[in-house]
Amino acid sequence: MALNPQYEDIGKGFVQQYYGIFDDPANRANVVNFYSATESFMTFEGHQIQGAPKILEKVQSLTFQKITRVITTVDSQPTFDGGVLINVLGRLQCDDDPPHAFSQVFVLKANAGTYFVAHDIFRLNIHNSA
C-alpha cells in the first residue's frame with residue numbers, strides 16, 4: 001500500500017471529530033466506535049488497555065463531566081501501510097480543575113476505505129518541579 005497524500009487533512013479532520021465527540025459528555029461513550037474490538041491499543045497516563053470494550057470501560061470511568069480543550073498543534077505523517085500518525089498538543093481543563101497541557105498520539109490504520117485507531121497514547125504534561 002502506498003503513502004496516503006491526504007494524511008494532513010485526514011489527521012486534522014480526525015482530531016476535530018474525535019475531540020468533538022469525546023468532549024461532549026452526552027456523546028463521550030461513542031468514541032469507542034473509533035477503535036477495533038481487538039486490534040486497538042490505548043495507553044492512558046501510563047495504563048495500557050487493549051480492545052474497544054476495555055477502552056470504553058476506561059472512558060466511562062473518567063469522573064469529569066465538563067472538558068474545555070484548546071488544540072495548539074496537530075502534526076501528521078503518512079505511514080507505509082496507508083495509515084496516518086497524528087501528534088496532538090494542547091491544553092485542557094476538566095470541570096473546575098486548573099488547565100493542563102496534554103499530548104496525545106494516534107495511529108490510524110486503513111481498513112476497507114475507512115480508518116480505525118490502532119494506537120492511542122494520552123498524557124497530561126505535568127512536570128514534577130520539586
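Residues numbered from 1 in each chain as written. Predicted model: local features only at pLDDT ≥ 70, side-chain atom pairs only at ≥ 80, totals over all residues. Heavy atoms only, no water.

1. Thoughts on the environment of E8
Examined against the element boundaries, E8 turns out to sit in helix 1 (residues 7–22). Separated by 69 residues in sequence, E8 and Q77 place their C-alpha atoms 7.2 Å apart. (Helix = DSSP H or I, 4+ residues; strand = E, 2+ residues; numbered from the N terminus.)

2. Re the pairing of strand 1 (residues 41–44)
On a regular strand, each side chain points to the face opposite its neighbour's, so the side chains alternate between the two faces of the sheet. Both strand 1 and strand 2 (residues 47–50) contribute to a ladder of four bridges, which runs antiparallel. Paired with F44 across the bridge in strand 2 is H47. Linking strand 1 back to strand 2 in an antiparallel pair, the connection comprises two residues, with E45 at a positive phi of about 50°. Bridge analysis of strand 1 against strand 6 (residues 114–124) gives four bridges, and the strand direction is parallel. Paired with F41 across the bridge in strand 6 is H119. (Pairing = 2+ DSSP bridges.)

3. Considering helix 1
Between its first and last C-alpha atoms helix 1 spans 22 Å; for 16 residues at 1.5 Å apiece the expected length is 22 Å, and the two agree. For helix 1, the complete set of buried residues consists of I10, G11, F14, V15, Y18, Y19, I21 and F22. The arc enclosing the buried residues of helix 1, seen along the axis, measures out at 155°, which places them on a common side. More than 90 degrees from the buried face of helix 1, the exposed residues found are D9 and Q16. Buried residues along helix 1 sit against strand 1, helix 2 (52–61), strand 3 (67–78), strand 4 (84–94), strand 5 (100–111) and strand 6. (Expected span 1.5 Å × (residues − 1). Buried < 20%, exposed > 50% of the residue type's maximum accessible area, 1.4 Å probe, protein only. Arc of directions from axis to C-beta. Contact = heavy atoms within 4.5 Å.)

4. Here's the deal with the UniProt feature "domain: NTF2" (unreviewed entry) in the chain
Under the present numbering, the feature "domain: NTF2" (unreviewed entry) in UniProt falls on residues 10–124. Taken end to end, residues 10–124 is 20% helix and 47% strand, and its first and last C-alpha atoms sit 24 Å apart. (UniProt positions renumbered as here; feature names shortened; annotations may be inferred.)

5. A few points about the nonpolar core
F14, Y18, F22, F34, Y35, I86 and F106 are the most contacted members of the largest nonpolar core, which has 31 residues in total. With near-sequence residues (within four places) excluded, F34 lies in contact with F14, Q17, Y18, I21, F116 and V117. (Core = buried A, V, L, I, M, F, W, Y, C linked by side-chain atoms within 4.5 Å.)

6. Here's the deal with unusual backbone geometry
The backbone of E45 sits at a positive phi, close to 50°, despite the residue not being glycine. For E45, the position within the fold is in the loop between strand 1 and strand 2. The partly exposed category is assigned to E45, whose relative accessible area is 33%. Of note, A112 is a non-glycine position whose phi angle comes to about 55°, a positive value. Structurally, A112 is set in the loop between strand 5 and strand 6. In this structure A112 comes out as exposed when scored by relative accessible area, which is 80%.

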